Amino acid sequence: MDYAYLSEWAGLLLRWLHVLTAMCWVGASFYFMGLDQSLRPPADGDPLVRGEQWAVHGGGFYHKRKFVAGPGFVPAPLHWSKWEAYWTWLSGFSLFVLLYWLQAETYLIDPEVMELERWQAVCISLGMILVAWGAYDLLCRLPVGGNGQAMAVLGIAGLALAAWFSTRVFSGRGAYLQVGAMIGTIMAANVMAVIIPGQKKMVAAVAEGREIDPRWGGWGKQRSVHNNYMTLPVIFLMLSPHYPMFWQHPNAWVPLVAMALAGALVRQFFNLRHQGIAMYDYWLFGAVIVAVVAVFLAPPRRAAPAEAPPFAAVRAIVAARCAECHAPRPANTGFTSPPKGILLHSAAQIRRNARLMEPQLRSEAMPPGNATGLTAAERATLLAWIGAGAPR
Ligand code: HEC
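Residues numbered from 1 in each chain as written. Predicted model: local features only at pLDDT ≥ 70, side-chain atom pairs only at ≥ 80, totals over all residues. Heavy atoms only, no water.

**Considering the site of the ligand**
If you check the shell around the ligand, you find 20 residues, and the closest are Cys322, Cys325, His326, Lys340 and Met366. Arg173 places a polar side-chain atom, nitrogen or oxygen, 3.0 Å from an oxygen atom of the ligand. Ranked by the residues each element gives to the shell around the ligand, the list is headed by helix H13 (residues 354-362), at 4 residues. When the residues that make up the shell around the ligand are grouped by side-chain class, the tally is 13 nonpolar, 4 polar and 3 charged. (Near = heavy atom within 4 Å. Polar contact = N/O pair within 3.5 Å; in protein donor to acceptor, adjacent residues only side chain to side chain. Helix = DSSP H or I, 4+ residues; strand = E, 2+ residues; numbered from the N terminus. Nonpolar A, V, L, I, M, F, W, Y, C, P; charged D, E, K, R; others polar.)

**Examining unusual backbone geometry**
Cis geometry marks the peptide bond from Ala76 to Pro77; its omega dihedral reads -10°. As for its placement among the helices and strands, Pro77 is situated in the loop between strand E2 (60-66) and helix H2 (83-101). For the bond from Met366 to Pro367, the omega torsion is -15°, close enough to zero to count as cis. If you trace the backbone, Pro367 turns up in the loop between H13 and helix H14 (376-387). With phi around 50°, Ala390 is a residue other than glycine that occupies positive phi space. Relative to the elements of secondary structure, Ala390 occurs in the segment after H14.

**Description of the domain arrangement of the chain**
Considered domain by domain, the chain is made up of domain 1 (3-297) and domain 2 (311-387). For domain 1 and domain 2, the distance between their C-alpha centroids amounts to 37 Å. If you look at the interface, domain 1 gives 9 residues, while domain 2 gives 12 residues. Both faces combined, the contact of domain 1 with domain 2 buries some 850 Å², and carbon together with sulfur accounts for 56% of it. Applying the counting criterion to the domain 1 and domain 2 interface returns 0 salt bridges. Put simply, domain 1 and domain 2 have 0 residue pairs in polar contact (both at pLDDT 80 or more) between them. Of all elements in the fold, only helix H1 (3-38) and helix H8 (244-247) reach the threshold of two or more residues within the side of domain 1 that touches domain 2. Of the residues assigned to the side of domain 1 that touches domain 2, the class counts are 5 nonpolar, 3 polar and 1 charged. (Domains from an automatic or database assignment. Contact = heavy atoms within 4.5 Å. Buried area = accessible area lost by both parts, 1.4 Å probe. Salt bridge = Lys/Arg side-chain N within 4 Å of Asp/Glu carboxyl O.)

**Section: the packing of aromatic side chains**
Counted under the stated rule, the structure contains 13 aromatic pairs. Pairing Tyr31 with Phe32 gives two aromatic rings, centres 5.3 Å apart and planes at 80°, and the pair type is edge-to-face. Exposure remark for Phe32: the relative accessible area of 44% places this residue in the partly exposed category. Measuring from centroid to centroid gives 5.3 Å for Phe96 and Tyr100, while their planes differ by 20°, and the two rings are stacked. (Phe/Tyr/Trp six-rings, centres within 6.5 Å; stacked < 30°, edge-to-face > 60°. Buried < 20%, exposed > 50% of the residue type's maximum accessible area, 1.4 Å probe, protein only.)

**Thoughts on the nonpolar core**
Tyr100, Phe170, Tyr176, Ile183 and Phe246 are the most contacted members of the largest nonpolar core, which has 61 residues in total. Sorting elements by how many residues they give to this core places helix H6 (residues 172-207) first, with 14 residues. Contact partners of Tyr100, with chain neighbours within four places excluded, come to Leu95, Tyr107, Leu108, Arg173, Gly174, Leu177 and Pro241. In terms of nonpolar packing, the next biggest core, distinct from the first, is built from 18 residues, Cys322, Ile350, Leu374 and Ile386 among them. (Core = buried A, V, L, I, M, F, W, Y, C linked by side-chain atoms within 4.5 Å.)

**Overview of the packing of H6 against helix H7 (residues 214-239)**
Close contact between H6 and H7 brings their axes to 9 Å; oriented N to C, the two are set at 160°. With respect to H7, the axis of H6 lies roughly antiparallel. Taken as a pair, H6 and H7 cross one another with a handedness that is left-handed. Here the contact of H6 with H7 is composed, by residue class, of 19 nonpolar, 9 polar and 2 charged. (Axes fitted to C-alpha atoms, helices over the stretch in contact; angles between N-to-C directions. Parallel < 35°, antiparallel > 145°, perpendicular 65-115°, else oblique. Left-handed = near helix turned anticlockwise from the far one by under 90°.)

**Here we look at the pattern of salt bridges**
For the structure shown, the criterion picks out 12 salt bridges. Among the salt bridges present, the one from Arg141 reaches Asp137, with a minimum N-O distance of 3.0 Å. Residue Arg141 and its partner Asp137 are both found in helix H4 (residues 118-141); the two are separated by 4 residues, about one turn of the helix. By relative accessible area, which is 58% here, Arg141 ends up exposed. Linked by salt bridges that have partners in common, Asp44, Asp46, Glu52 and Arg65 make up one network.

Next comes the structure, spelled out in structure tokens:
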């Protein structure tokens, strides 16, 4: 079977798995953050219980209690939350390899940003992921790691550096996903390298009747709080390939950082609300940042073209520059079906898709990596035609 066809299937199955496991992971993570923040002192004054919560859900009442120093015995069965995180990373990283590494020429490399061979791009991408985890993990272990506000500032600074560097070496789209992969890896590594080992120590201590060192739980808590704030930014980055207006901007790293900050602020609002504190300023501040980004990215107003270019010229450009991929049976061997189902091989399809072509052309997202060498004049012709209402 054709490699491109199999790769489509691999992409679909991995994406399906990735979205599903990520929903389970984020769902469990948000649930426990919310639970932790709504715990109240136990009504019966049990000294082992740090806090408790009553809930009604799914046709019954639940009584949840948190034992920070352990319940005094090892409960069995004991539920662990880890496979959601591991599978999210495994499926996400495989998808990243399949698209951004194995098809680096389409998704990761833009020769106008930097001329890279595929192996060079892959080495930089992997190196950035490893450095990000190493630097973050080190900061967490230093005294500053215990200072939440300082870590927030350092986190934003680190993100800005990563985003700036990434947009200087990769295609805009690749740069955004690269930063997303770095944050996602930090989140999964937090679970695997810190949270779960700390919990294993806690369980072992309870089994041996030793006292639980509060630092073990503290380290885990620190990392889960960080993961919580990284969730909205990382989901934004995973959705960003659909929105070239972000990553095609000449200073694409600026809106990346701003949107991540907005996401973290909105998360902060919800975290406080779970504690019964309604601080609408966080939410509002996040919304203001998003509004400023929208203005920052707004395309310049275009003067109406004096005369629409003839459709024959448009058709010739599209046939030469777009149709090798956007046809029912693409001539480009990288595809077995038209990408995103967009057909541009006939006059009727070109007219029908004119509105969808506009943002892709204006932002220079298409052709990807300018694979077919669309010239600036041709791009202007297509945009002028669309701007004039795509006449016949
Ligand atoms: C080398 C192959 C290739 C060429 C050439 C190409 N495209 Fe695409 N096109 C793609 C791929 C791949 C996608 C899907 C991107 C994604 O996964 O988001 C796409 C997606 C699109 C979309 C849909 C975007 C969306 O998500 O809504 C439009 C519209 C589009 N292309 C227009 C064009 C136009 C116009 C041209 C010519 C100027 C062109 N393409 C040339 C590969 C190509």
